[in-house]
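This is what each chain is made of:
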Amino acid sequence: MPEIHRSDTPDLKEILKVRREKLTELKEKGKDPFRTVKYDVTNHTAEITSNLQKFEGKSVSLAGRLISKRGMGKASFCDLQDRFGKIQLFVKVNDVGEEAYEEFKKYDIGDIIGVKGEVFVTQRGETSIKTAEMTLLSKSLQPLPEKWHGLKDVDMRYRQRYLDLIVNPEVKETFIARSKIISSIRKYLDERDFLEVETPILNAIPGGGNAKPFITHHNTLDIDLYLRIAPELYLKRLIIGGLERVYEIGRLFRNEGISIKHNPEFTTIELYQAYTDYYGMMELTEQMIKTAAEEVCGSLEINYQGQMINLSSPWARITMKDAVLKHSGVDFDDIETDEQAAALIKEKGLDLKKGMTRGEAMNLMFEEYAEPNLIQPTFVLDYPVEVSPLAKRKPDKPELTERFEIFITGKEIGNAFTELNDPDDQRERFLNQVKKREAGDEEASMMDEDFINALEYGMPPTGGLGIGIDRLVMLFTDSYSIRDVLLFPTMKPKN
RNA sequence: GAGCCAUUAGCUCAGUUGGCAGAGCACUUGACUUUUAAUCAAGGGGUCCGGAGUUCGAGCCUCCGAUGGCUCACCA
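Being a predicted model, the structure only gives us computed values, none of them experimental. (Residues numbered from 1 in each chain as written. Chains lettered and ligands numbered in written order. Predicted model: local features only at pLDDT ≥ 70, side-chain atom pairs only at ≥ 80, totals over all residues. Heavy atoms only, no water.)

1. Considerations on the packing of aromatic side chains
Two aromatic rings are characterised by how far apart their centres lie and by the angle between their planes. Put simply, the rule is: Each aromatic pair joins two rings of Phe, Tyr and Trp (for Trp, the six-membered one) with centres within 6.5 Å, and gets the label stacked for planes under 30 degrees apart, edge-to-face for over 60, and tilted for any other angle. Each residue's exposure class comes from its accessible area (1.4 Å probe, protein chains only) as a fraction of the maximum for that residue type: buried when under 20%, exposed when over 50%, partly exposed otherwise.
Enumeration according to the criterion identifies 10 aromatic pairs in this entry. Each ring, one from phenylalanine 104 and one from tyrosine 107, has its centre 5.8 Å from the other, and the planes form 75 degrees; the classification is edge-to-face. Each member of the pair, phenylalanine 104 together with tyrosine 107, is buried. Grouped by ring-pair contacts, the aromatic residues Phe77, Phe90 and Phe120 constitute a single cluster.

Laid out in C-alpha cells, this is it:
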C-alpha cells in the first residue's frame, strides 16, 4: 500500500517528486490538466484496430491512458489504452510542432490524454494514429506497476483493484464476462415473463437459509436488524401475493469464514415460478446456464483449471442415495435406523454429531464421498427432509424432499426445490430448527410466524431455484478464487 | 479458529556459510524522425513488514506482533 503523499510533503519519494514538479510547472504555465472538464471522444481503440479498412486514412479522436512510451529523438511511439483495448500513437515533431512535442516528452506513463490524428499502418504493420494534436486531460502522480509482469501482489491487486484493471487486461475481461452473465440471465428470465423484484436486505428475522447473520442496529426504531442471508421467504410471499414468476439478483451476507470459495457478501439469483416443480427448475437451470455459456463463452465446452466441462444436454441426474452408493459403496436402503446410520458414520471416521439422523448421515456421506467427484454438470436429487427445511416432501417418500442441487467442478452451483406450501408442515420444520438453535446451532433457522401466516392464505405449488452467481462466474472465467470475480473482495483493513 | 509458507527500490524479483544492499522495468540527463518488452550511455532512488533478542557484526539466526497466500474446519 503506497503511503499517501501530499505536494507539500518534504520527504516525497523522488519518483513522485518529479511528477509533482511537472504538475506545478503546468499550473504555472496556466495549463493545469485538472481544470479540463471534457474531451470530444468520437472513437475507441478496438473499433479502429478491428476495422482498419474503414478507418485507414481517416481522422479520429480518442482518449485514454498513456501506458508506454518509446522516444527516438524527434519522433516517438507510445500506446494509448482505453476501455476496449489499446492503440499505438506516432508523435512526430513535424506533425505537432516544437512546443507540443516538448510538452509531450514530459508526459508520464499513466497520464490521461486526448488525441486527434489520422489512422495509418506503420512499416512494421501496426495500426497507429499519426498524431496531429494531443491534450493532457489528467496528470498521473503515481507510477504504474511494471509493464511486463503487471501487478502480481495478490493483496495489492484486491486492495487497489483500479491498478489491477489498468495493468492486467485479463482482469477487465473477467468483469466484463461477469456483467454479461448477469445480463444473459436477466434477459432469459425477462423473456419468460419473470418479474424482477427487490426485497429487504435489512431483516428483522433472517430466514431462507442456514447461516450466521451480520447484525446491525436501527437507531430510531431502536431494534437490531440482520442483513439478509437469503431472500427466499420474501420471494415466496410474493408468490402468495400472486406475482407467479419472480426473481431477485442481489447480495447476501453471511457472517462466516473467508476462503477461496467464500466471501462474507456474495451474489445470488433466486427465482420462483408458480405451478411447476423441481423438474421444471431442472429444465430451467440447464437451459439458462447453457444460454449464458453460449452468449458469454461462445461454447458449451468450458475449460476450468485444466478440466474440460461439457455443458451440453442432457445433464446427468442422480439421486443422493444413488450418488452415495456409487461413490462410497454404501446403500442407504440397507440402513433403516438412525442408530445404524450413526454406526456407519463412526466406522467411516466422519464427524458424528450428537443426535445425527439417518438423513443427516446420508447427506454427510454424500458431501464426503460424492460431491468432489461431480465434475461434469450433475443434478443431485431428493435430499433428506432434515437438511431441507423449506422443501416439499416427496409424496411417496416423505423422509425425502423434492430438492436438487446442481454440481459442476465439484462445487455446488445451485439449489432448488418444489417449495413447501403446507403451513403446518412448515411450522413443524421451523420448530425443529428452533430446537437445533436452542441446542447451540447458530446457523439453524429462526421461527418466522408471519411467513407461516402467509402460507396459511395458500401458496400455489411452486418451484424455486437459487444460483450462486459468483461461482458461476468463476466457472465461466476459469477463476480459481472467488476473489478474482469480486471487484472489491472483503479484506481486513490495514492498520 | 488451527497448521505451513511469504513480506527486500514505485513494480517484478535475486541476495551464497551471518561480513559494504543487487538486477530488470519505471524515473532523471544525454544521443536517436517507423519503434513496439525500442536501443545506446550516464545517474538518482532502500524504515530489507514492525519490535525485541543473540552476535564483534543480522536482509539472513531466535522470540513476539502485523499483513497476506495456501491447506483444514464452518459455509454457497
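2. Focus on the protein's contact with RNA strand B
Using the following cut-off: Any residue with at least one heavy atom within 4 Å of a molecule or strand is counted as near it. Whenever a nitrogen or oxygen atom comes within 3.5 Å of another N or O atom, the pair is scored as a polar contact, on the condition that within protein one atom can donate a hydrogen and the other can accept it, and that pairs from neighbouring residues in sequence are kept only if both atoms are in side chains. A helix here means a DSSP run of H or I that spans at least four residues, while a strand means a run of E at least two residues long, and both kinds are numbered starting from the N terminus.
Taken together, 52 residues are adjacent to RNA strand B, and Gln123, Lys147, His262, Arg471 and Arg483 come closest. Taking all atoms of RNA strand B within 4 Å of the protein, the share assigned to sugar and phosphate is 59%. Note that a sugar or linking oxygen of RNA strand B is positioned 3.2 Å from one of the backbone N or O atoms of glycine 150. Those elements giving two or more residues to the surface near RNA strand B turn out to be helix 1 (14-28), strand 1 (59-72), strand 2 (75-82), strand 3 (85-92), helix 4 (93-96) and helix 6 (154-159).

3. Thoughts on the sheet that holds strand 7 (residues 202-203)
Note the threshold: In this description, strands pair whenever DSSP reports at least two bridges between them.
Pairing is antiparallel across the open sheet formed by three strands, whose spatial order is 7-9-8. Pairing within the sheet leaves two strands with one partner each, and these edge strands are strand 7 and strand 8 (215-218). In this sheet, strand 9 (residues 223-227) lies alongside strand 8 in antiparallel orientation, the contact comprising four bridges. What sits directly across from histidine 218, in strand 9, is isoleucine 223.

4. Considerations on the nonpolar core
Where we set the bar: In plain words, nonpolar cores are sets of buried Ala, Val, Leu, Ile, Met, Phe, Trp, Tyr and Cys residues tied together by side-chain atoms within 4.5 Å. Whether two residues touch is decided by their heavy atoms; if any such pair falls within 4.5 Å, the residues are in contact.
Core analysis: the biggest nonpolar cluster contains 44 residues, and Leu189 and Phe476 have the highest contact counts within it. Counting residues per element, this core draws most heavily on helix 10 (residues 278-297), which supplies nine residues. Each residue touching phenylalanine 476, except ones within four places of it in the same chain, is listed here: Ile181, Ile289, Ala292, Ala293, Cys297, Ile302 and Leu311. Counting 23 residues, the second largest nonpolar core, distinct from the first, contains Met356, Ala361, Leu364 and Phe407.

5. What to know about the confidence of the model for chain A
Keep this limit in mind: pLDDT expresses how confident the predictor is about each individual residue, on a scale running from 0 to 100.
With 97% of its residues at a pLDDT of at least 70, chain A reaches an overall mean of 93. Mean pLDDT values over the elements of chain A span from 91, in helix 12 (residues 338-347), up to 98, in strand 6 (residues 195-196). A low-confidence stretch, residues 1-10 (pLDDT under 50), is modelled with 11 contacts involving residues beyond four sequence positions or located in other chains. The ipTM assigned to the predicted complex is 0.91, against a pTM of 0.93.

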